[in-house]
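What follows is the residue order along each chain.
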Amino acid sequence: MIISALTSHITVLELKKIIDDCKEGRRDAQQMLYEHFASRMFPVCLRYAKNRADAEDYLQEGFLKVFAKIHQFNHAGSFEGWMRRVIVTTILQDLRKKSKIHFVKEEEIMNLTEESPAEEDDSSGTQPSLNEILNWISKLPDRYQIVFNLYVLENFSHNEIAKELGISVGTSKSNLSRARQWLQKHIKTQIPATDKKEVIWQI
């Protein structure tokens, strides 16, 4: 599958027209919407997929759900944000049906000890790049990675995560805590507060 994006800029009014045409079921408008947003949504799909082929399937399934639900979008807020939430929710539904992921139960959090990132001599000025941070996130165990991605990168609340994954709020918090500890253990440098990547630790 070839994932492309429209090279021309789409104005707010043009996007509104495309969305309205999609609501009418026009295939040309659906194609335009797909071509414009597919390259932005594919990295999102990759975060939850085992491989590129699975991510491509998620992308296709996600856009089908977007087209099915697009009449619900009333042009209030970001369309891209709305679309992203629909696609992620579609992926989570698939994961719940097909995957046997063992999430850390909330009572297990009582046995965890919060750890701070290891301090090292950073006189060299070397800090992990955002891509390096994302690479470490991709190495998280599945049960931690899903909750971490949803909470930190997708801005889901613990209540929303619990509902989508069929787990308790406490279990969601437990897995987020484990994810933080895993990352803090493997990424040995403290990210500067002025850096955008600060969000990784502010969870």
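Only a predicted model underlies this, so the values are computations on that prediction, with no experimental measurement involved.

Asker: Help me get a handle on the overall build of the chain, residues and values and all.
Answerer: Along the chain, the regular secondary structure elements total 8 helices and 0 strands. Ordered by position from N to C terminus, the α and β elements of the chain give α-α-α-α-α-α-α-α. Expressed as a percentage of its 203 residues, the buried residues of the chain come to 41%. Taking the contacts inside the chain whose residues are at least 6 apart along the sequence as the reference set, 72% of them involve residues at least 24 apart. Carbon and sulfur atoms provide 49% of the accessible area of the chain, an area that totals close to 11,700 Å².

Asker: Hey, could you go over the packing of aromatic side chains for me, with residue numbers and the actual values?
Answerer: For the coordinates displayed, the defined rule picks out 7 aromatic pairs. For the ring pair Tyr34 and Phe63, a centre distance of 4.8 Å and an interplane angle of 65° mean the geometry is edge-to-face. Placement of the pair is Tyr34 in helix α2 (residues 27-46) and Phe63 in helix α3 (residues 52-69), with a sequence separation of 29 residues. Each member of the pair, Tyr34 together with Phe63, is buried. An aromatic cluster of at least three residues, connected via ring pairs, comprises Phe37, Phe73, Phe79 and Trp82. Across the ring face of Phe156, the terminal group of Arg85 is positioned such that the distance to the ring centre comes to 3.8 Å. A cation over a ring is seen here: Arg143 above Tyr144, with NZ or CZ 4.7 Å from the ring centre.

Asker: Lay out the nonpolar core in plain terms, naming residues and giving numbers.
Answerer: Judged by nonpolar contacts, the single largest core of 53 residues is most densely connected at Leu33, Phe63, Phe79, Met83 and Leu150. The contacts of Met83, once residues within four sequence positions are left out, are Leu33, Phe37, Met41, Phe63 and Val66.

What counts and what doesn't
- Residues numbered from 1 in each chain as written.
- Predicted model: local features only at pLDDT ≥ 70, side-chain atom pairs only at ≥ 80, totals over all residues.
- Heavy atoms only, no water.
- Helix = DSSP H or I, 4+ residues; strand = E, 2+ residues; numbered from the N terminus.
- Buried < 20%, exposed > 50% of the residue type's maximum accessible area, 1.4 Å probe, protein only.
- Contact = heavy atoms within 4.5 Å.
- Areas by Shrake-Rupley, 256 points an atom, 1.4 Å probe, with all protein chains shown as cover.
- Phe/Tyr/Trp six-rings, centres within 6.5 Å; stacked < 30°, edge-to-face > 60°.
- Lys NZ or Arg CZ within 6 Å of the ring centre and 35° of its normal.
- Core = buried A, V, L, I, M, F, W, Y, C linked by side-chain atoms within 4.5 Å.

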